[in-house]
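Descriptive structure summary
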Amino acid sequence: MTNYHPSALPNSRIDVADVLRGIAIGGIVLIHFIEHLNFYDFPEPSSPLMASIDKGVWDTVFFLLAGKMYAVFSLLFGLSLFIQHDNQAQKGVDFRPRFVWRMVLLMMFGILDLLFFNGDILFLYAVCGLLVLPLVRASDKLVAGIAVFLALQPVEIASIVVGLFNPGASPLNLGTGALFGAIMPAQQSGSFLDVARADLIYGLPVNFTWAIENGRMTQTIFLFLAGMLIGRRRLLYDENGNVDFWKKVLVISAVALAVILPLIPLTSGCGTPIIRKSLTVMLTMWRNLAMMLIIISGIVLLFYRTRFGGSLKLLAPYGKMSLTHYIGQSVVGALLFYGWGFGLYKYCGHTVSLLMGVVLVTVQCLFSHWWLRNHRRGPLEQLWSNATWLGAKK
């Protein structure tokens, strides 16, 4: 079951991981802004040209970023779990009980985020973190085996099997659409308290139902486990031929993407509704995984083997403050777009909303550089760390 031993080498700060985290949080902000923070109400374009530009912006941003940035973020969450656990194990301390408390704290941050934005991911991460915790000392083979099983999208495979034996079966529907619909009136014309109430009542469950229906739940747990394995093998350090490993990952993932992309449109003609939906979800998750690996391997190679490494390092402070910026974008975005704030959903199409997101990311990045000149962590990161180690012996 386990052959776990603490690492012989210290887990020093991994700059490229902070860069990747910065890219991920920036991409998440941009997606949320063109979505108006899960409030899909947009003005009519002012002209056919503007309509074409808006559509191009929407399609491009979703193809490049949607699902891929969360995947990068999830992989790095698993890496952080390994590093925190291993650092304490090297001191002879079992970090697992304190990690449980740390996930409870993350749930609290998630509830805070839900007061503004019903698409919060923090609560879901906390639950998934607790699910993978029993495997933190498991053998590499066991962790890898479970990770591969989850990467195959077992919920979709089961749905396809059901569809083969029962052609009349309906696609998995946990009521996500109705939950989203119940939130929208508050977003449109409700007060802040109305939005907060709707998000807590409907937004919390909708994050789980949507994640299960769309393959995000199993993929998130898989990526947590994959991040743990990357940490165990020290694959994000520039040592032991790791750069060659990422070159192979880049080639394999590019080939996989080339195979998967033309298959996705073909699902529209496959069998019954339950089979069509399950195949679409499965292939979409695999596409996102392939694109995520292209992004990670590409950034690692640029960081370690080109002159662009220094420029990329400018994103590291932004990545170090990802919790602060994730919740910050929810507060700012809700204030800008929802009815209780400035109500800009009435006026801002996809292109303008994207530009607003770019401005926010730029401001957040500049703030990170300024803040970290005099502080070790971001404001919420420091609060999370202090609360995590509450009562610990100095």
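Definitions and limits used
Residues numbered from 1 in each chain as written. Predicted model: local features only at pLDDT ≥ 70, side-chain atom pairs only at ≥ 80, totals over all residues. Heavy atoms only, no water. Salt bridge = Lys/Arg side-chain N within 4 Å of Asp/Glu carboxyl O. Helix = DSSP H or I, 4+ residues; strand = E, 2+ residues; numbered from the N terminus. Buried < 20%, exposed > 50% of the residue type's maximum accessible area, 1.4 Å probe, protein only. Expected span 1.5 Å × (residues − 1). Arc of directions from axis to C-beta. Contact = heavy atoms within 4.5 Å. Phe/Tyr/Trp six-rings, centres within 6.5 Å; stacked < 30°, edge-to-face > 60°. pLDDT = per-residue confidence, 0-100. Core = buried A, V, L, I, M, F, W, Y, C linked by side-chain atoms within 4.5 Å. Axes fitted to C-alpha atoms, helices over the stretch in contact; angles between N-to-C directions. Parallel < 35°, antiparallel > 145°, perpendicular 65-115°, else oblique. Left-handed = near helix turned anticlockwise from the far one by under 90°. Nonpolar A, V, L, I, M, F, W, Y, C, P; charged D, E, K, R; others polar.

A short note on the pattern of salt bridges
- Tallied over the full model, the rule gives 12 salt bridges.
- Here Arg21 ties to Asp18 by a salt bridge, and the two come within 3.0 Å at their closest N and O atoms. One end of the pair is Arg21 and the other is Asp18, both in helix H1 (residues 15–34) and 3 residues apart, which spans about a single turn. As far as burial versus exposure is concerned, Arg21 and Asp18 are alike and both buried.
- Of the charged contacts in the structure, one is a salt bridge between Asp238 and Arg305, with a shortest N-O distance of 3.0 Å. Of this pair, Asp238 sits in the loop between helix H10 (216–233) and helix H11 (242–260) while Arg305 is found in helix H13 (residues 273–305), placing the two residues 67 residues apart along the sequence.
- With a relative accessible area of 39%, Asp238 lands in the partly exposed category.
- Relative accessible area serves as the criterion here: at 48%, Arg305 is assigned to the partly exposed category.
- In the salt-bridge network here, residues are joined through shared partners; they are Arg13, Asp18 and Arg21.

So, H11
- Its 19 residues place the ends of H11 27 Å apart at the C-alpha level, agreeing with the 27 Å of an ideal helix rising 1.5 Å per residue.
- The set of residues buried in H11 consists of Asn242, Val243, Trp246, Val249, Ser253, Leu257 and Ile260. The arc enclosing the buried residues of H11, seen along the axis, measures out at 105 degrees, which places them on a common side. Exposed side chains of H11 directed beyond 90 degrees from the buried face belong to Lys248, Val251, Ile252 and Ala258.
- The secondary structure elements touched by the buried residues of H11 are H10, helix H12 (263–266) and H13.

Notes on helix H5 (residues 122–132)
- H5 sits mainly inside the fold: 8 of its 11 residues count as buried.
- Residues of H5 that are buried make contact with helix H3 (68–90), helix H4 (96–114), helix H9 (192–213), H10 and helix H16 (322–337).

Some details on the packing of aromatic side chains
- For the structure shown, the criterion picks out 22 aromatic pairs.
- Considering the side-chain rings of Phe73 and Tyr125, the 6.2 Å spacing of their centres and the 35 degrees angle between planes classify their relative orientation as tilted. You can see Phe73 sitting in helix H3 and its partner Tyr125 sitting in helix H5, a full 52 residues away along the chain. For the residue pair Phe73 and Tyr125, the accessibility class agrees, reading buried in each case.
- Residues Phe367 and Trp371 carry aromatic rings whose centres are separated by 5.8 Å and whose planes lie at 35 degrees to one another, so their mutual orientation is tilted. Placement of the pair is Phe367 and Trp371 together in helix H17 (residues 350–371), with a separation of 4 residues, close to one helical turn.

A word on the confidence of the model for the chain
- Of all residues in the chain, 99% attain a pLDDT of 70 or more, and the chain-wide mean is 95.
- The element-level mean pLDDT for the chain is lowest in H12, coming to 92, with H17 highest at 98.

A word on the environment of Phe82
- Within the fold, Phe82 resides in helix H3.
- Every residue in contact with Phe82, bar those within four places of it in the chain, is listed here: Ser7, Asn11, Met228, Gly231 and Arg232.

As for the nonpolar core
- Residues Leu236, Trp246 and Tyr326 are the most contacted members of the largest nonpolar core, which totals 105 residues.
- If near-sequence neighbours (up to four positions away) are discounted, Tyr326 is found in contact with Ile25, Ile28, His32, Tyr70, Asp113, Phe117, Gly119, Asp120, Ile121 and Leu122.

Details of the packing of H5 against H9
- Where H5 contacts H9, the two axes come as close as 9 Å, and the packing angle between them is 60 degrees. The pairing of H5 with H9 is recorded here as oblique in orientation. In this structure, the crossing between H5 and H9 has a hand that is right-handed. Each of Phe123, Leu124 and Val127 in H5 lies in contact with H9, whose residues at this interface are Leu204, Phe208 and Ala211.
- Grouping the amino acids of the contact of H5 with H9 by side-chain chemistry returns 6 nonpolar, no polar and no charged.

Re the environment of Pro317
- Within the element layout of this structure, Pro317 appears in helix H15 (residues 316–320).
- Given a relative accessible area of 15%, Pro317 falls into the buried group.
- If we ignore the near neighbours within four places in the chain, the residues touching Pro317 are Ser368, His369 and Leu372.

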